[in-house]
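Tertiary structure, described
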Amino acid sequence: MLKKLCFLLCSCLGLMSSSALAAVILQYHHVSDSSPASTSVTPAQFREQMQYLADHDFNVVPLTQVIETIRQSKTLAPRTVAITFDDGYLNIAEAAHPILKEFGFPYTLFVAIEPIEKGYREMMSWEQLRTLAAEGAEIANHSWGHEHLIRRNATETEEQWLARIEANLLETEARIAKETGDNLKILAYPYGEYNSQLEALLQRLGFVGLGQQSGAAGLHSALTSLPRFPVAGAYADMNALKVKLHSLNMPVQAISPSNPELPMGQWRPELEVTLDMSDINQSQLMCYVQGQGAKKPQWLSANRFRIQAELDLPPGRSRYNCTAPSKRHGSYYWFSQAWVRPKDDGSWVKE
């Protein structure tokens, strides 16, 4: 009887720890009926999503709280969610903010400076951003001009490139602090593009970095490349989003290579991942190569597997995604590795 009770208690503790160490960070761009579908949810969809969070007792907290909890290796409340918006589009103030205010949900806006300074019509002004900040929104760094940060100028050395990016991020942070009072040192990488050198720069500057690769964030996530679930277009479907909202932080112990920027010509990256397998069955883990479909992992040992694309990844951004159900309950562990590559001639896709 005592052994049975101990087993049940340990199982419950394991269940609590696997879910309480994860936070889902949602990434939005537009909340509008008229903006590009690939980067948008409609106001009706957004309300439905926020209503779901409220109806199912999700713990919606500021992004800074999630980051600080991970930094201190503390547990998060079950079903913790943080809401983020990239770029600072006007429709966020007009359509999303009233809904978020109605539900009492905090959120973070990542803004670039140049579009604000140039007064682009679809972007918020500093006055509007200050109003939102006064009502509880966090205003954070999205670079000065929404640049592809990993791309070097033609004649730049690596040292010169890193110096330019450092100045960019620090000047952006200073302007946000001057205009809104927020000095969060949190960067959302424009386009979700980053590499190992940028991660090292952020670590040296004391910044946290957020990508656009999917997955739940937690103790197994690097604070220089926290995952987020993009919510737009096909990814705005409520049924698919429900699965993501309940996802768990994949217990990744090591990955190789960890650098998303692919070396020239190595367009079929071979990724090795080491996991804590205490709540995962080998046979239930499945991976997916973006644009190429499901890919069964090759297990190298009891807790280490390899995944590789069968075809070259296209120029631009791609991902490997891996998921596995928890043995203790119905939620899925979710991990995504971002990749970015130039064209065969070394030039970059224009965006």
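Quick summary incoming for the structure in this document. Given the structure is predicted, the values throughout are model-derived calculations rather than measurements. (Residues numbered from 1 in each chain as written. Predicted model: local features only at pLDDT ≥ 70, side-chain atom pairs only at ≥ 80, totals over all residues. Heavy atoms only, no water.)

**With respect to the overall build of the protein chain**
If you tally the helices and strands in the protein chain, you get nine helices and 20 strands. Expected size for 351 residues packed as a compact globule is a radius of gyration near 20 Å; at 20 Å, the protein chain falls within 12% of this value. Its C-alpha atoms give the protein chain principal-axis dimensions of roughly 70 × 50 × 35 Å. Counting only residues that meet the buried cut, the protein chain has 51% of its 351 residues in that class. The contacts of the protein chain with a sequence gap of at least 6 include a subset with a gap of at least 24, amounting to 66%. Carbon and sulfur atoms make up 52% of the accessible area of the protein chain, which amounts to about 16,000 Å² in all. In the protein chain, 32 positive and 37 negative side-chain charges are present, and the distance between their average locations comes to 7 Å. (Helix = DSSP H or I, 4+ residues; strand = E, 2+ residues; numbered from the N terminus. Rg over C-alpha atoms; globule rule 2.2 N^0.38 Å. Buried < 20%, exposed > 50% of the residue type's maximum accessible area, 1.4 Å probe, protein only. Contact = heavy atoms within 4.5 Å. Areas by Shrake-Rupley, 256 points an atom, 1.4 Å probe, with all protein chains shown as cover. Lys, Arg positive; Asp, Glu negative; His and termini not counted. Charge placed at Lys NZ, Arg CZ, Asp CG, Glu CD.)

**Examining the nonpolar core**
Counting residues in hydrophobic clusters, the biggest one holds 47 residues, and the most contacted among them are F46, M50, I83, F85 and L109. Those elements that place two or more of their residues in this core are β1 (22–28), α2 (43–55), β5 (80–86), α4 (90–103), β6 (108–111), α5 (113–117), α6 (126–134) and α9 (238–245). Per-element accounting of this core gives the leading share, eight residues, to α4. Residue contacts for M50: discarding those within four places in its chain leaves Y28, I83, I99, L100, F103 and F105. Counting 23 residues, the second-largest nonpolar core is a separate cluster that includes L262, W267, L271 and A324. (Core = buried A, V, L, I, M, F, W, Y, C linked by side-chain atoms within 4.5 Å.)

**Concerning the environment of F335**
Among the secondary structure elements, F335 is positioned in strand β20 (residues 332–341). By relative accessible area, F335 is classed as buried at 11%. Aside from chain neighbours lying at most four places away, what touches F335 is S214, M250, V252, I255, L271, V273, Y320, N321 and C322.

**Details of the sheet that holds strand β12 (residues 248–249)**
Ordered in space as β12-β20-β19-β15-β16, the five strands form an open sheet in which the pairing is mixed. Lying at the two open borders of the sheet, with one neighbouring strand each, are β12 and β16 (293–295). (Pairing = 2+ DSSP bridges.)

**Structural notes on the packing of α2 against α4**
In the contact formed by α2 and α4, the axes pass within 10 Å of each other and the chain directions differ by 20 degrees. It follows that α2 is roughly parallel to α4 by the angle criterion. Viewed along their axes, α2 and α4 form a crossing whose handedness is right-handed. Contacts between α2 and α4 involve P43, F46, R47, M50, Q51 and A54 from the former and A95, A96, I99, L100, E102 and F103 from the latter. Broken down by class, the residue content of the contact of α2 with α4 amounts to nine nonpolar, one polar and two charged. (Axes fitted to C-alpha atoms, helices over the stretch in contact; angles between N-to-C directions. Parallel < 35°, antiparallel > 145°, perpendicular 65-115°, else oblique. Left-handed = near helix turned anticlockwise from the far one by under 90°. Nonpolar A, V, L, I, M, F, W, Y, C, P; charged D, E, K, R; others polar.)

**A few points about the packing of aromatic side chains**
When we look at a pair of aromatic rings, we describe it by the centre distance and by the angle of the planes. All told, the structure shown has 10 aromatic pairs when counted by the stated rule. Aromatic pair Y28 and F46: ring centres 5.1 Å apart, planes at 80 degrees, arrangement edge-to-face. Separated by 18 residues along the polypeptide, Y28 in strand β1 and F46 in helix α2 bring together distant segments of the chain. Overall, F46 belongs to the buried group, its relative accessible area being 0%. Here the aromatic rings of Y52 and F58 are separated by 5.9 Å at their centres, their planes lie at 40 degrees, and the arrangement is tilted. In terms of burial, Y52 and F58 fall into one category: buried. Here a set of aromatic residues connected by ring pairs shows up, and it is made of Y28, F46, F85 and Y107. Above the ring of W267, the side-chain terminus of R341 is found at 3.9 Å from the ring centroid. (Phe/Tyr/Trp six-rings, centres within 6.5 Å; stacked < 30°, edge-to-face > 60°. Lys NZ or Arg CZ within 6 Å of the ring centre and 35° of its normal.)

**Details of the side chain of S35**
As for its position among the elements, S35 is in the loop between β2 (30–31) and β3 (40–41). Of the polar contacts made by the side chain of S35, one reaches the side chain of S40; its length is 2.6 Å. Ignoring any residue separated from it by four or fewer positions in sequence, one finds S35 in contact with H30 and S40. (Polar contact = N/O pair within 3.5 Å; in protein donor to acceptor, adjacent residues only side chain to side chain.)

**Overview of the sheet that holds strand β14 (residues 270–275)**
Spatially, four strands are ordered β13-β14-β18-β17 in an open sheet, and the strand pairing comes out antiparallel. Of all strands in the sheet, those with a lone pairing partner are β13 (252–256) and β17 (298–299), marking the two edges. For β14 and strand β18 (residues 304–308), the ladder comprises five bridges, and the chain directions are antiparallel. From the neighbouring strand, E272 faces β18, where its bridge partner is R306.

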